[in-house]
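Structural description and commentary
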Amino acid sequence: MITSLMTSEITNLVSAQLRHFFPDGNPLDDIPIKKAVKESLERLEFCFENINSKYYRLEGKPYFNHLHTDHWCSFLWFLSNQLHNLFNDHRDAAKIFALNKALHGIDAFYSIQLPDVFLLVHPIGTILGKAQYDDYLVVYQNVTVGGSIDLDYPVIGKSVALMAKSTVLGSCVINEEVWLSSN
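Residues numbered from 1 in each chain as written. Predicted model: local features only at pLDDT ≥ 70, side-chain atom pairs only at ≥ 80, totals over all residues. Heavy atoms only, no water.

1. Re the nonpolar core
If you look at the biggest cluster of nonpolar residues, it comprises 50 residues, and the most contacted ones within it are Val 14, Phe 75, Leu 128, Val 145, Ile 156 and Leu 162. Every element with two or more residues in this core is listed here: helix 1 (7-21), helix 2 (30-49), helix 3 (69-87), helix 4 (90-104), strand 5 (118-120), strand 8 (137-139) and strand 11 (161-162). Here the element with the most residues in this core is helix 3; it accounts for 8 residues. Beyond its immediate sequence surroundings of up to four residues, Leu 162 is in contact with Leu 137, Val 138, Val 139, Tyr 140, Val 143, Val 145, Ile 156, Val 168 and Leu 180. (Core = buried A, V, L, I, M, F, W, Y, C linked by side-chain atoms within 4.5 Å. Buried < 20%, exposed > 50% of the residue type's maximum accessible area, 1.4 Å probe, protein only. Helix = DSSP H or I, 4+ residues; strand = E, 2+ residues; numbered from the N terminus. Contact = heavy atoms within 4.5 Å.)

Rendered as structure tokens:
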């Protein structure tokens, strides 16, 4: 994958953003964050390999540009999820989740299991809660996914697009290759 920054620079950028937004005196734990950044970039590469969009390709290869906010949003989710999965690190995972929320207006908690391949398009105002998600998920702005008051959760099939302002709540199944339109 071609990246706009080297891995060490990506790590430094995450740390700088967290220091700016959360100046609580508790820096990221260097060893886990370096490992999590590396592995998150590997996951991001697999995800971007499967996205056929000019903004996700450079010279025919997957491309991660830290200044493309949809890219950065996806990376931050992978990073928070990776910290959670590898190290059960709730403090740093929570900070990165909160950073993603502050920067992009998305609520995608670090413990949810997004698919290996997904595309976030202008995800401002989006809430991705507990659900069973399958690959090739496309999510636009102001989308809500989550459980019911009875704690029933949606199942979302492969190649589903959730267009702007669509909502999927509770015990429902969205089959493969479905596009949910606005409202």
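2. A closer look at the side chain of His 71
On the secondary structure map, His 71 appears in helix 3. For His 71, a relative accessible area of 0% translates into the label buried. Among the polar contacts listed, one links the side chain of His 71 to the backbone nitrogen of Asn 65, at a separation of 3.0 Å. When sequence neighbours within four positions are dropped, the list of residues in contact with His 71 reads Phe 48, Tyr 55, Tyr 56, Tyr 63, Phe 64 and Asn 65. (Polar contact = N/O pair within 3.5 Å; in protein donor to acceptor, adjacent residues only side chain to side chain.)

3. Side note on the layout of surface pockets
Here the largest pocket is characterised by a volume of approximately 210 Å³. As for the largest pocket, its lining consists of 14 residues, and the residues nearest its centre are Asn 50, Leu 119, Tyr 136, Leu 137 and Val 138. Of all the elements in the fold, those that place two or more residues in the lining of the largest pocket are strand 5 and strand 8. Along the lines of polarity and charge, the residues of the lining of the largest pocket split into 10 nonpolar, 4 polar and no charged. (1 Å grid on protein atoms, 1.4 Å probe; cavity = no way out; pocket = protein on both sides within 12 Å on 5 of 7 lines; lining within 4 Å. Points joined across faces, edges and corners; volume = space filled by probe spheres on them. Nonpolar A, V, L, I, M, F, W, Y, C, P; charged D, E, K, R; others polar.)

4. Some details on helix 2
Helix length check: helix 2 (20 residues) gives 28 Å between terminal C-alpha atoms against 28 Å at 1.5 Å per residue, within 8%. What helix 2 keeps buried is the set Pro 32, Ile 33, Ala 36, Val 37, Glu 39, Ser 40, Leu 41, Leu 44, Cys 47 and Phe 48. Lining the buried residues of helix 2 we find helix 1, strand 2 (57-58), strand 3 (61-64), helix 3, helix 4 and strand 5. (Expected span 1.5 Å × (residues − 1).)

5. Description of the pattern of salt bridges
Under the criterion given, the structure shown has 5 salt bridges. In this structure, the salt-bridge partner of Asp 24 is Lys 95, at a minimum N-O distance of 2.9 Å. With Asp 24 in the loop between helix 1 and helix 2 and Lys 95 in helix 4, this residue pair connects regions lying 71 residues apart in the sequence. Taking the relative accessible area as the measure of exposure, Lys 95 reaches 10% and is therefore buried. Notably, a salt bridge pairs Lys 101 with Asp 107, separated by 3.3 Å at the nearest N-O pair. Taking the relative accessible area as the measure of exposure, Lys 101 reaches 40% and is therefore partly exposed. A residue is classified by how much of its surface remains accessible, and Asp 107, at 23% relative accessible area, is partly exposed. (Salt bridge = Lys/Arg side-chain N within 4 Å of Asp/Glu carboxyl O.)

Just geometry here; none of it tells us what the structure is for.
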